[in-house]
Amino acid sequence: MKRSRFWRVLGGFLLVAVLALGFLGYSQPELQLNWETLAAMCGF
(Lines give C-alpha, C1' and ligand atoms only; values in the text may rest on other atoms or scores of the structure.)
Protein backbone atom coordinates (compact mmCIF):
# COMPACT_ATOMS: atom_id res chain seq x y z
CA MET A 1 0.00 0.00 0.00
CA LYS A 2 2.81 2.42 0.83
CA ARG A 3 4.54 1.64 -2.45
CA SER A 4 1.56 2.84 -4.52
CA ARG A 5 1.43 6.06 -2.50
CA PHE A 6 5.12 6.59 -3.20
CA TRP A 7 4.54 6.26 -6.96
CA ARG A 8 1.61 8.68 -6.83
CA VAL A 9 3.69 11.26 -4.97
CA LEU A 10 6.60 10.77 -7.35
CA GLY A 11 4.31 11.10 -10.39
CA GLY A 12 2.78 14.27 -8.98
CA PHE A 13 6.22 15.72 -8.34
CA LEU A 14 7.35 14.91 -11.89
CA LEU A 15 4.19 16.48 -13.32
CA VAL A 16 4.77 19.66 -11.32
CA ALA A 17 8.41 19.75 -12.46
CA VAL A 18 7.45 19.45 -16.15
CA LEU A 19 4.76 22.12 -15.79
CA ALA A 20 7.26 24.43 -14.05
CA LEU A 21 9.76 23.93 -16.88
CA GLY A 22 7.04 24.68 -19.40
CA PHE A 23 6.07 27.85 -17.57
CA LEU A 24 9.70 28.99 -17.40
CA GLY A 25 10.19 28.26 -21.08
CA TYR A 26 7.04 30.18 -21.95
CA SER A 27 7.79 33.20 -19.76
CA GLN A 28 11.45 33.62 -20.76
CA PRO A 29 12.07 33.87 -24.52
CA GLU A 30 15.84 33.44 -24.11
CA LEU A 31 15.23 30.01 -22.58
CA GLN A 32 14.30 28.27 -25.81
CA LEU A 33 13.28 24.69 -25.09
CA ASN A 34 12.76 22.41 -28.06
CA TRP A 35 9.61 20.60 -26.94
CA GLU A 36 9.53 18.37 -30.02
CA THR A 37 12.98 16.97 -29.20
CA LEU A 38 12.01 16.54 -25.55
CA ALA A 39 8.83 14.68 -26.53
CA ALA A 40 10.84 12.47 -28.93
CA MET A 41 13.25 11.59 -26.11
CA CYS A 42 10.28 10.59 -23.93
CA GLY A 43 8.90 8.38 -26.67
CA PHE A 44 5.98 10.53 -27.84
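Up top you'll find the structure we're talking about.
Residues numbered from 1 in each chain as written. Predicted model: local features only at pLDDT ≥ 70, side-chain atom pairs only at ≥ 80, totals over all residues. Heavy atoms only, no water.

Before going further, it helps to examine the overall build of the protein. Along the protein, the regular secondary structure elements total 2 helices and 0 strands. Across the 44 residues of the protein, 2% fall into the buried class. Split by element, the accessible area of the protein, about 4,400 Å² in all, is 71% carbon and sulfur. (Helix = DSSP H or I, 4+ residues; strand = E, 2+ residues; numbered from the N terminus. Buried < 20%, exposed > 50% of the residue type's maximum accessible area, 1.4 Å probe, protein only. Areas by Shrake-Rupley, 256 points an atom, 1.4 Å probe, with all protein chains shown as cover.)

Next up on the list: a nonpolar patch on the surface. Side chains of Phe6, Trp7, Leu10, Phe13 and Leu14 sit close together on the surface and give an oily, nonpolar patch of about 550 Å² of accessible area. Turning to its location among the elements, leucine 14 is positioned in helix H1 (residues 2–27). (Patch = residues over 30% accessible without salt bridge, like charges linked within 9 Å, V, L, I, M, F, W, Y side chains within 5 Å. Salt bridge = Lys/Arg side-chain N within 4 Å of Asp/Glu carboxyl O.)

Moving on to helix H2 (residues 35–42). Across the 8 residues of H2, 0 count as buried, placing the element largely on the outside. Backbone geometry just downstream of H2 places glycine 43 in the positive-phi region, at approximately 95 degrees.

Functional significance is not addressed by these values, which are geometric in nature.
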